[in-house]
Structures are given as C-alpha cells and as structure tokens.
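Inside the fold
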Amino acid sequence: MNGLAARRLVQLHQRPLGRRLLPPTAPARAVESALGRRQRPLNLRDLDQALRALSAHCHTAGAPLPPLRLAVVGDAELELIMETFVDRAPAGFTVRGTAWVVTADDLRYLRTIPGFGEATRPYPALVGIGTDPRGRAVLADLEGMGVLAVESEDPELAPAFLAAAATELSLTPWADELVLTLVGEHPQLAGPLGRHNVTQTDDLDGLLTQLERRATVQRREQAERPVALLRSDPDLADPWAPEIVLIDRRPTEEQLERISRIIDELPTVTMAIVVPGGSDRSNWTLRLHPSDPTVPAVRAELLPLGLELVPQLLRPAAVDAVVELITATGTEETEPAPWWRHETNGHSARGHRLDQAALNLPEPAAGSPPDSTAEPPPLGADPPDPVTGNDRSGGTWGESATEHERARAAMNGSGSNGPGTVHHPTLRILGPIELDGATGPMPPRADKQCLEYCGWLLEHPGSTARAMASALAIAEGTRRSNMSRLRTWLGTSSDGDPYLPDAYSGRIALHPAVSSDWHRLQILTLGGVNRADDDALFAALELVRGAPLADAAPGQWHWAEELRTDMVSVVRDLGVELCRRALDRNDIDLARWSAARALVAAPGDELLMVARIRTEHQAGNHAETERLALQLAGHARVLGVDLDPETVRVLQQVMEGQVRARLV
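Every value quoted in this text rests on a predicted model; they were computed, and no experiment measured them.

Bringing the overall build of the chain into the picture now. Per the secondary structure count, the chain includes 22 helices and 19 strands. Within the chain, the fraction of its 664 residues that count as buried is 52%. Intrachain contacts of the chain at a sequence separation of at least 6 include 69% that bridge at least 24 residues. With an accessible surface of roughly 29300 Å², the chain has 51% of that area assigned to carbon and sulfur atoms.

Here you go:
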C-alpha cells in the first residue's frame, strides 16, 4: 500500500486542473481494498525510518552494518533480527538477544540521529515472506540469504510466492535502491511500473554472464573495505546497490553451478537469486505446504531456521488485478472531472496544467513594501477586507457579506448561522473524522468504527447487510453490534424519526437529513467549481479542516481511496480557482487564504504552490516568493518528478523577471 500511495501522490501532483484520476476497475478496487485492510499501525515506512537511523548510526560511528537476517513488523514494535548478538545498537533501539527492537513511541526520536537525512537504505533487498504465528509480518533480507530456493509439491505455490515478491520489491519505499530482474513468466510489471531498475528477460544465460562480470568487479573493488562498511557511506553506496533476480523455472545444473559461484565465492557480492524447486546449492529454503481439509491455509517453513509462516502469495486470479492497479496508479491519463464545467472541446488529458493566465503576472503594486512576515489568516477565520481591514463576516463588506451568509445558510440548511452550526447529524471527513449534530450518546467504545459505518452508508445508500459486511470486511455479528451503537448515537430527529431506521426492506439507508461536509461541498459547487460564484467557493473551502480522512486508522476506510483522492482533487481545484479570481481583483488576503486552506488538504501541490507564488509576487513580497519557489522545486525533487513546463516559466518570471529566451 505504501508504494501504491506514493504513486498516487505523484498522480495527484501532476493532475491537470479540472481533471480526475482514472478510477480503477472493480477487480482492481477489490485488491486495493484488501491491501488496505492489511495495513498495520506500524508499516514499511516506519521500518524504512528505523533502518535509515541504523545506517546513519553506523556511518557516524565508523562501524560496519550488522548482518541482518529478518525484520519482523508487529502492531506495536519493529524487530530487527541479526545473524549474531550485536550490542552496539543506536539510541532508540533496545537489544533483546540477537534482535534490535524499536517501539512506535521511539520512532520519532530516530529522526534526530545525526546524519539521518542523508542516510542510505542499508538493506534494500528486504521482502515480505509471510506472517508468523503471532500475526506479525516477516521480511527476509534476500541479499543476506544469497540463494533462496522456493519448493512445494503444489506447482502453483512457488509462482504465487514469486509474483508476490516481485510486486513488493517493485513498490517498497527502498525500491529505487536495488536492481530487480524477472526471468521468465512473471507478472508483466516492468511496463506498468515504468521503472528503470525493473526489467524482464527470458535469457538466463545472458543474465548470468552479466552477473559474473559485476561480481568480478565487486570482489576486486572491496579488497580493502567490506561491503558492510561501504553500504552505510552515502558517498560510496551507489555502486553497491543489490541486484535481485527472480527466476520462474528451475535452472539447469550448469546454470545452478554458475549461480553458486557468483553468490558463494568470497568476498561476498551484493546479489541474490531466488529459484523455484529444492537445491542443495541454496543457502536457504522456503518450503510451502499445500492446504488440506484439516489445515485450510497454506503453510510455509523457512529453513534452516525452522520458522513457521503463513506465506505471502499472489495467486493467478489476483495477478491481473494487481498489475491493473499498478497501471492505474502510474498513468498520466485523466478524465473530465464531474466537479468542473467543461467546454465543448474540454481540456486535454495531457495538456498544460496551468491556465495561461498564470503567466500574466502583474508587477507588484507601486509603493507596496515587501511583507516577508505576512501569514495567511487562521484556517477557521474569514480573510479581512484588503481595503478597510475589517472582518468580512462583520457586515462591512456590503453585498458580499450577504452572499456569504446565503452560502452558509445553504451549507447548514437553515438561517444565518456560522459554518460550524448543524441541525442534523453531519459527518465531517474533510479533515479529522467527526460526527456533529447527533442527538444520542456517543458509544463508550468502537466509535471510530461507527464513524466509518456512517461514511460507508452515506456513500452507498440502499445497500444490503451482506454487501456492507463484505465491503468493510467484518463479521456479521460485529456489523450488527456497531450498527446498533451507531443507531443509538445518531438518535432521532425533532419529529421522532430515527436517523438510522431499521432496514425492514433489507435495504439500509440513513435518514435523508443525515449528511456530510463532503456532500455539502458538492452542493455548493453543483454547477462546477469554475462556474460557482466566489461566495460558494469560499463557503466550500471553509468546510476544509485538514487532509481528508486525516485521522483514519490503518486498516480502516480501506474502501474509500477513490473517495479520498476525489476530495483532495476538488479542494485543490477550489483553492486554485478562488485564488486566481482573487488575484484578478488584487485581493491578496483572499488569495493567500484560499491557497493556504487548500494546501492543508493537498500539501505541496504544484498548482497551489504556484498560486501562492503568484500571490506573494503580486503583493511585492520577494522574500516569500523566493522561499516558496525553492520549496516547490525541492518537493518535486523528493517526488522524483519534473515540474510542468508552465510552472518553470512562472518561476523564471518571478525569480528572474522574465521567461528565458528559447528557440521554437
């Protein structure tokens, strides 16, 4: 899920104004939902952080990296199991036998270890192999294993394990720091991934020849310093990136002999090979035991440790859906957004993401001093009038103040109350998840689950109990208990009608008055974000309190990824559109507020950052303009993407006073 989330973040960053990410098909959504259900409070990102802290510590201390055997990720702690006892653990880790343990509470501290920001990933070949009897995820360091044989009496199990390993190695946070080669019939990952370091070939002999050459060079170059020391040095680590080879068929005896020489001769090299079938030349074996009537789950045993596992498998039926999901999260194609009013010709899916008006940057107003200390108003506040300095909600804004009250009335379904007033239960998901307006008592437990149930029912009105249980991946008994809690919490209307009626027809639906801030935002922009009046856009942005579903726990709201990306996309487009309009009439305060408000939901978004840059340039705030421009360029580097050509032109104009000349 971390790798897919990173790919989707890039998609959102590059999405044109008024366009929507292509939704995955139903099978791909089912796979994504299943992956979401398996998320843990501690995940691969946390493990990555712990490993980088370890690398920084070893580099600073001049100590070699300890040989890692396994990494175990539980709900409350991470465990790094070394080959032997090592007592030189960095601060934040606890030594427990041969393991270094870090708890969730210690993760924040690890970032303070000197050199953490520049640290290399010390074990890039870590891959999940299954879960242990305690339900913890177990990852093995393939590079440390050298040769791993995957054997089973069931001919479908080894390919299923290799497919899962190939997918994870392609998408882990440290995937950029290894070379992955798939030999034979594997999932067609290389094309959809679009990664330079993931390739596929049928020529095993040719590949082994390349590996032999690289092994010769590595053995010559590490004569004076071992790989364990070179890997933790940011200046020397690049040539020692591990190369992992997954082979889909049992190699010939001659090929196995070549593999053995490549991997086992000393000094060791940064390569690992996984082969199906047993082999006396393999250092490690993962033995997969087919399920049977007495033990329905597939079991595995990692030898020589004798560790029992439930293996991580990707069956043929799921492979196509996974590849499709990877493709969907990597494409630049988009579709017209339903929240945007499109002209006859529409917008090009691959066209410029900036309106050409963004290039027409007026010079700062004469006599307006740079204001490097200016800050946008607080998220809950109305921006002051730029002329009088009065609060806009106080009535000094004339007709516009009345329009704001109308927008708020439409939002709340009543008279001129503030944006926080509701008269019926309203689920707030444009930020931390909350329920306002309920008339019953909050349940003493499982309130977060009840909020998720309410959200699902709002998005799927008229569904059945079985459909709900299946979508949320819950037992029927659990569903009934939490539905009862939710019914009590929502309470009844002033007319005595329950906000969650009993489903006598078999179809579950909330009372029509139950709503969400997301539904209200949609009502305010019903004719299209680019056609709604300024006051409607203002009222819609007032609903935003943070990133959508900001405090959803791992494993919850797994069904809502498409909903979340839509909310992020709409808020970004709202911020860009209202900021553009404000700048057109030189309303600097409103421009600042609208872009800043939207950036809370879409941090680092390119178009919103350009809107902020244009605002500070127009205000004559040169220091802030430069800071934001550098921040935008840095964020693009972190994501590994290029800035849009139109963004580059804007940056040149605000930083250098003009767009650089170029031949057409």
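Judged by nonpolar contacts, the single largest core of 85 residues is most densely connected at I429, L457 and L521. Broken down by element, the residue count for this core peaks at 11 residues, all from helix α18 (residues 561-584). Ignoring anything within four residues of it in the chain, the contact list for L457 reads M468, M483, L486, L500, I508 and L510. One finds V138, A140, L148 and L246 within the second-largest nonpolar core, a separate group that totals 33 residues.

The next point concerns the packing of helix α13 (residues 447-459) against helix α15 (residues 476-490). To describe two helices that pack against each other, one gives the angle between their axes and the distance between the axes. Packing of α13 against α15 brings their axes to within 9 Å, and their N-to-C directions diverge by 85°. It follows that α13 is roughly perpendicular to α15 by the angle criterion. When α13 is examined against α15, the residues D447, Q449, C450, L451, Y453, C454 and L457 are found in contact with a partner set consisting of T478, R479, N482, M483, R485, L486 and W489. Counted by class, the contact of α13 with α15 contains eight nonpolar, three polar and three charged residues.

What follows concerns the sheet that holds strand β19 (residues 515-516). Taken in spatial order, the three strands of this open sheet run β18-β17-β19, and their pairing is mixed. Because the sheet does not close on itself, it has two edges, and the strands there are β18 (434-436) and β19. Across three bridges, the pairing between strand β17 (residues 426-428) and β18 is antiparallel. Within β18, the residue paired with R428 across the bridge is E434.

One pair of aromatic rings is described through two measures. These are the centre distance and the angle between the planes. All told, the structure shown has three aromatic pairs when counted by the stated rule. With a centroid separation of 4.6 Å and 25° between ring planes, the pair formed by F538 and W593 is classed as stacked. Pair noted here: F538 is in helix α17 (residues 534-542) and W593 is in helix α19 (residues 588-601), with a separation of 55 residues, a long-range link. Here the two residues F538 and W593 agree in accessibility, since each one is buried. For the cation-ring pair, R52 lies above F116, with the distance from its terminal atom to the ring centre recorded as 4.7 Å.

A few words on the pattern of salt bridges. One pass over the full model with this rule turns up 36 salt bridges. Between R261 and E257 there is a salt bridge, with its nearest N and O atoms 3.7 Å apart. Placement of both R261 and E257 in helix α10 (residues 253-264) is noted, with a separation of four residues, approximately one turn of the helix. Put simply, D534, E577, R580, R581, D584 and R585 are held in one network by salt bridges that share partners.

With that out of the way, let us pick up helix α3 (residues 44-61). Its 18 residues give α3 an end-to-end C-alpha distance of 26 Å, which sits within 8% of 26 Å, the value for a rise of 1.5 Å per residue. The buried fraction of α3 is high, at 13 of 18 residues. Residue G62 follows α3 closely and has a positive phi angle near 70°.

To continue, consider the side chain of T565. By the element assignment, T565 lies in helix α18. What makes T565 buried here is its relative accessible area of 6%. Leaving out residues up to four positions away in the same chain, T565 has contacts with R8, L12 and L21.

What follows deals with the pairing of strand β9 (residues 179-183). Taken across its five residues, β9 has four buried, putting it largely inside the fold. Bridging between β9 and strand β11 (residues 243-247) involves five bridges; their strand directions are parallel. Within β11, the residue paired with L180 across the bridge is I244. Bridge count between β9 and strand β10 (residues 198-201): four bridges; the pairing is parallel. Within β10, the position partnered with T181 by the bridge is T199.

Quick look at unusual backbone geometry now. Omega for the bond connecting L266 with P267 falls within 30 degrees of zero, at -5°, which places this linkage in the cis form. Along the chain, P267 falls in the loop between α10 and β12 (271-276). The residue after L303, namely P304, is reached through a cis peptide bond having omega 15°. Along the polypeptide, P304 turns up in the loop between β14 (299-303) and β15 (307-311).

Put simply, helix α14 (residues 465-472) and α15 touch, their axes get as near as 10 Å, and they point 105° apart. Here α14 is positioned roughly perpendicular relative to α15, judged by the angle of their axes. Where α14 abuts α15, its residues A465, M468 and A469 lie against E476, R479 and M483. Here the residues of the contact of α14 with α15 are counted per class, giving four nonpolar, no polar and two charged.

Right, let's get into helix α6 (residues 157-171). Structural remark: α-helix, 3.6 residues per turn; residues separated by three or four positions point the same way. Under the 1.5 Å per step criterion, the end-to-end length of α6 is 22 Å for 15 residues, consistent within 8% with the ideal 21 Å. Across the 15 residues that make up α6, a large majority, 14, are buried.

Our focus in this paragraph is the side chain of E452. Inspection of the secondary structure assignment puts E452 in helix α13. Apart from the residues lying within four places of it in its own chain, the contact partners of E452 are L472, Q556, W557, H558 and W559.

What follows deals with the state of the cysteines. Summed over the entire model, instances satisfying the criterion amount to zero disulfides. As a non-bridged cysteine, C450 has C454 as the owner of its nearest cysteine sulfur, 9.3 Å distant.

Another point: the confidence of the model for the chain. Taken residue by residue, the chain gives an average pLDDT of 82. The fraction at 70 or more is 82%. In the model of the chain, helix α12 (residues 399-412) stands out as the element of lowest mean pLDDT, 40, in contrast to β17, which has the highest, 97. Low pLDDT (under 50) marks residues 345-352, which in the prediction has 13 contacts with non-local residues, meaning those over four places away or in another chain. Contacts for the low-pLDDT stretch residues 366-418, under 50 throughout, to residues beyond four places or in other chains number 85 contacts.

Within the secondary structure layout, I508 lies in the loop between α15 and β19. I508 sits 43 residues away from A465 along the chain, and the two C-alpha atoms are 7.2 Å apart. The residues contacting I508, other than those within four sequence positions of it, are L457, P461, G462, S463, T464, A465, M468, R479, M483, L500 and A503.

For the rest of this paragraph, the subject is the environment of H617. Along the chain, H617 turns up in helix α20 (residues 606-618). As a C-alpha pair, H617 and M655 span 38 residues in sequence and 9.2 Å in three-dimensional space.

Cut-off values and rules
- Residues numbered from 1 in each chain as written.
- Predicted model: local features only at pLDDT ≥ 70, side-chain atom pairs only at ≥ 80, totals over all residues.
- Heavy atoms only, no water.
- Helix = DSSP H or I, 4+ residues; strand = E, 2+ residues; numbered from the N terminus.
- Buried < 20%, exposed > 50% of the residue type's maximum accessible area, 1.4 Å probe, protein only.
- Contact = heavy atoms within 4.5 Å.
- Areas by Shrake-Rupley, 256 points an atom, 1.4 Å probe, with all protein chains shown as cover.
- Core = buried A, V, L, I, M, F, W, Y, C linked by side-chain atoms within 4.5 Å.
- Axes fitted to C-alpha atoms, helices over the stretch in contact; angles between N-to-C directions.
- Parallel < 35°, antiparallel > 145°, perpendicular 65-115°, else oblique.
- Nonpolar A, V, L, I, M, F, W, Y, C, P; charged D, E, K, R; others polar.
- Pairing = 2+ DSSP bridges.
- Phe/Tyr/Trp six-rings, centres within 6.5 Å; stacked < 30°, edge-to-face > 60°.
- Lys NZ or Arg CZ within 6 Å of the ring centre and 35° of its normal.
- Salt bridge = Lys/Arg side-chain N within 4 Å of Asp/Glu carboxyl O.
- Expected span 1.5 Å × (residues − 1).
- Disulfide = S-S within 2.5 Å.
- pLDDT = per-residue confidence, 0-100.

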